Amino acid sequence: MSKIIVMTSGKGGVGKTTSAASFAAGLALRGHKTVVVDFDVGLRNLDLVMGCERRVVFDFINVINGDARLKQALIRDKRVENLWILPTSQTRDKNALTKPGVERVLGALRQEFDFIICDSPAGIEKGALMALYFSDEAVIVTNPEISSVRDSDRILGVLASRSRRAELEMEPVKEHLLLTRYDLNRVETGEMLTVDDVMEILAIPLLGVVPESQSVLRASNLGSPVILDSASQPGQAYADAVGRFLGDSLEHRFLTAERRGIFQRLLRRSA
Amino acid sequence: MPSKRYRRLLASRQFALREPDEKMTVASQGNAPAPGETQAFKLRGGSYTLLVLQLVDLKNPNFFQWLLDKIAQAPNFYRHAPVVLDLEGLAGSGPFNFAELGRRLRQHKLVPVGVQNGTEEQNQGAINAGMSVFPMWRAAQPLEEPAVAKPSAEPPAKPSAEPPAKPSANQSVKPSEPPVQADGGTTLVTKPIRSGRQVYAQQGDLVVLSTVSAGAELLADGHVHVYGALRGRALAGVSGDTSARIFCRSLQAELVSIAGHWLVREDMDDHLIGRTVQIYLKGDLLVIEPMS
């Protein structure tokens, strides 16, 4: 049974696209046929983060409008088997996402894929609503700061009231929290909320904590999901999160600063 | 020959209903809503493609039979279609009954909405019959024709319908434009085309003097010329013209396409990137050729 998972947050810039790319790649690496769909019509970035922007001919909106077949718009990832990307249009806007159109495309994807990851745009307007409407599960991407947490709270409310599952009074959308850009130093000095603070406010199961790291930006610039950089902490954190999503029981890592001597710090910095 | 009497004008000639620059005169007569009160209406402009029915010989006994035959070819297309009557062919035939003509046309499920190219007398007759007089924008009439041939071809409404007057230099250029160019001439863009924008030169060429950002899209029925860096998409001959070409000073495009044949960046030879090139179709093959 295939699952539609939305990556959403309310707030912008928290790492939805980065997380969607890594999460999709992680599921594919574990052998599940996975597609990641960009819902950010007009501000498309997923293809950049996935490194396939040079191969886009047709997009999600073309398929919705019947200008292209789904097979023509799907891009196969060159690094990871079982991973596909459905890019969106840069020249259109969110109004191009119609409920029947999105439903038809997602329905067709369900026939082919085990997991369909919907990369939501920021906000709680049409684009975000369309991305979450058909979802079975939701990964709420949150940064450890109050505005992000408040927006996540808001989007959880939207999920519980305006998703298809809510409207049809089905079993509610299953919620997961993914805490990203977790800066240990700033958490320790009290500048940022701790995992426990966030958990207390949002009260949903924690899928993973991804530490703030240069390697995320580096991966984006390379057009390669950070999960493929298995030497990096974020790469390992995403792999753990995917594992937990699939039912593995794993300890949370990277929650406390490791005590390091000056010598080790120097070593790490030069690495 | 009925086919000569009317033709469908595509985007070549559009009649624009323009919003007046100033508020309606009604506003000064005391009935206007006070500020803050809700409005009863909004007046907006819109532009539409209309059918033009060129009247050549109204006295021909077969006129309406031929019209019926024509309509029968595509009844859904013509049903209740608004039509503009072109009176140029009737210039010498004197006055006739507009109300009767309008009635007959409506019987055939055509809705006459106005006239063009009429004499002053004819225009008045049309107005009396409840039709409008359409200004002759840049209709495909040879301009060198002596003005006396149709002394009142220009309805009095014209000045108000024209865009605001520009410096004389511009005005002197306009009349000398060949009328053919009005049917989809060249579209010129001088400002940068940002990501997400789409520019379409319908029935003509597109010339861009500036940079085209990644995520922007250029479309033309004819050729596409880009003098800045081309980082977005460029599609020439989008209505099927296989002879259309793309010319660009610096090829960094995400995608290029001619008449539906495309090439994405990944499939372009690296040594062509950044070069000045022309792109054309050779059989089914898209050729990118450096221009030194």
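As a reminder, the structure under discussion sits directly above these lines.
Enquirer: Can you walk me through the overall build of chain B in this structure?
Expert: For chain B, the helix and strand inventory stands at 8 helices and 18 strands. In chain B, buried positions account for 38% of the 292 residues. Within chain B, counting contacts between residues at least 6 apart in sequence, those at least 24 apart form 43% of the total.

Enquirer: Can you walk me through the environment of A:V36 in this structure?
Expert: Residue and element names in this part refer to chain A. Here V36 lies in strand 2 (residues 34-38). The buried category is assigned to V36, whose relative accessible area is 0%. Excluding anything up to four places from it in sequence, V36 contacts A20, A24, L46, M50, W84, I85, L86 and I117.

Enquirer: What's the story with the interface of chain A and chain B in this structure? I'm lost.
Expert: When the parts of a complex come together, some accessible area is lost, and that lost area is often taken as the interface size. Contacts between the two partners involve 9 residues from chain A and, on the opposite side, 13 residues from chain B. In total, chain A and chain B occlude about 1100 Å² of area from one another, counting both sides; carbon and sulfur atoms represent 47% of this. Three residues stand out in chain A for area buried against chain B, namely A:R54, A:V57 and A:T91, and they jointly supply 55% of the buried area on that side. In this assembly, chain A and chain B are joined by 2 salt bridges. A salt bridge links A:K78 to B:E266; its shortest N-O distance comes to 2.3 Å. In this assembly, chain A and chain B are joined by 6 residue pairs in polar contact (both at pLDDT 80 or more). Class assignment for the residues of the side of chain A that touches chain B results in 3 nonpolar, 2 polar and 4 charged.

Enquirer: Sorry, what's going on with the pairing of strand 18 (residues 285-290) of chain B here?
Expert: A regular strand carries its side chains on alternate faces of the sheet. Residues and elements named next belong to chain B. As judged from the 6 bridges shared by strand 17 (residues 277-282) and strand 18, these two strands associate in the antiparallel manner. Its bridge partner lying in strand 18, L281 is registered against L286. Taking the residues that link successive antiparallel strands as the turn, the strand 17-strand 18 hairpin has 2 residues, and the phi of G283 there is positive, at about 65 degrees.

Enquirer: Looking at this model, I keep getting lost on the sheet that holds strand 13 (residues 233-236) of chain B. Mind explaining?
Expert: By way of backbone hydrogen bonds, the strands of a sheet pair with one another, either parallel or antiparallel. Residue and element names in this part refer to chain B. As summarised here, the arrangement of the 5 strands in space is 9-11-13-15-16, forming an open sheet in which the pairing is mixed. The open sheet has two edge strands with one neighbour each: strand 9 (198-201) and strand 16 (261-264). Across the sheet, the axes of successive neighbouring strands diverge by a mean angle of 10 degrees, strand direction being ignored.

Enquirer: Just checking my understanding: could you explain the side chain of A:T17 for this structure?
Expert: All names here are of chain A. Locating T17 in the fold gives a position in helix 1 (residues 16-29). A polar contact is formed between the side chain of T17 and the side chain of D119, at a distance of 2.9 Å. Excluding residues within four positions of it along the chain, T17 makes contact with N45, L46, V49 and D119.

Enquirer: What's the story with unusual backbone geometry in this structure? I'm lost.
Expert: Among all residues save glycine, negative phi is the norm, and among peptide bonds the norm is trans. Residues and elements named next belong to chain A. Here R181, not a glycine, exhibits a phi torsion of approximately 55 degrees, which is positive. Tracing the sequence through the fold places R181 in strand 7 (residues 174-182). Taking the relative accessible area as the measure of exposure, R181 reaches 40% and is therefore partly exposed. Even without a glycine there, the phi angle at A203 is positive, about 50 degrees.

Enquirer: When you look at the packing of helix 7 (residues 146-162) of chain A against helix 10 (residues 195-202) of chain A in this model, what are you seeing that I'm missing?
Expert: A pair of packed helices is captured by two measures, namely the crossing angle of their axes and the spacing between those axes. All names here are of chain A. Relative to each other, helix 7 and helix 10 sit at 30 degrees, their axes nearing to 10 Å. Judged by the angle between their axes, helix 7 and helix 10 are roughly parallel. Handedness of the crossing formed by helix 7 with helix 10: right-handed. Note on element contacts: helix 10 touches helix 7 through V198, I201 and L202, opposite V149, S152, D153 and L156.

Enquirer: What am I meant to see in the packing of helix 6 (residues 126-133) of chain A against helix 7 of chain A here?
Expert: All names here are of chain A. Direction vectors running N to C along helix 6 and helix 7 enclose 60 degrees, while the axes themselves pass 10 Å from each other. Between helix 6 and helix 7, the angle is such that the two are oblique. Read as a crossing pair, helix 6 and helix 7 show a hand that is right-handed. Between helix 6 and helix 7, the residues in contact are L129, L132 and Y133 and I155, V158, L159 and R162, respectively. Its residues assigned to classes, the contact of helix 6 with helix 7 shows 6 nonpolar, no polar and 1 charged.

Enquirer: For this particular structure, what's the right way to read the nonpolar core?
Expert: Across soluble globular proteins, nonpolar side chains have a tendency to be buried as a group. All names here are of chain A. Among the nonpolar cores identified, the biggest contains 58 residues, and L86 and L109 are the most heavily contacted of them. With residues up to four places along the chain from it excluded, the contact list for L109 reads V35, V37, L70, L74, L86 and I116. Counting 36 residues, the second largest nonpolar core, distinct from the first, contains V14, A28, V36 and A237.

Enquirer: How should I be thinking about the sheet that holds strand 2 of chain A in this particular structure?
Expert: Residues and elements named next belong to chain A. If you trace the 8 strands from one edge of the open sheet to the other, you get 3-4-2-5-1-6-7-8, paired in mixed fashion. Edge strands, defined here as strands with exactly one partner in the open sheet, are strand 3 (75-76) and strand 8 (206-211). Pairing of strand 1 (residues 3-8) with strand 5 (residues 115-119) involves 5 bridges; the strand directions are parallel. When the sheet's bridge partners are listed, K3 is paired in strand 5 with F115.

Enquirer: Sorry, what's going on with the side chain of A:S135 here?
Expert: All names here are of chain A. In this fold, S135 is placed in the loop between helix 6 and strand 6 (137-142). According to the relative accessible area criterion, S135 is buried, its value standing at 1%. Within the local environment of S135, its side chain forms a polar contact with the backbone oxygen of L132, the two atoms lying 2.7 Å apart. Once residues within four sequence positions are removed from consideration, S135 is found in contact with I4, V6, L159, R165 and V173.

Here is what the cut-offs are and how they apply
- Residues numbered from 1 in each chain as written.
- Chains lettered and ligands numbered in written order.
- Predicted model: local features only at pLDDT ≥ 70, side-chain atom pairs only at ≥ 80, totals over all residues.
- Heavy atoms only, no water.
- Helix = DSSP H or I, 4+ residues; strand = E, 2+ residues; numbered from the N terminus.
- Buried < 20%, exposed > 50% of the residue type's maximum accessible area, 1.4 Å probe, protein only.
- Contact = heavy atoms within 4.5 Å.
- Buried area = accessible area lost by both parts, 1.4 Å probe.
- Salt bridge = Lys/Arg side-chain N within 4 Å of Asp/Glu carboxyl O.
- Polar contact = N/O pair within 3.5 Å; in protein donor to acceptor, adjacent residues only side chain to side chain.
- Nonpolar A, V, L, I, M, F, W, Y, C, P; charged D, E, K, R; others polar.
- Pairing = 2+ DSSP bridges.
- Axes fitted to C-alpha atoms, helices over the stretch in contact; angles between N-to-C directions.
- Parallel < 35°, antiparallel > 145°, perpendicular 65-115°, else oblique.
- Left-handed = near helix turned anticlockwise from the far one by under 90°.
- Core = buried A, V, L, I, M, F, W, Y, C linked by side-chain atoms within 4.5 Å.

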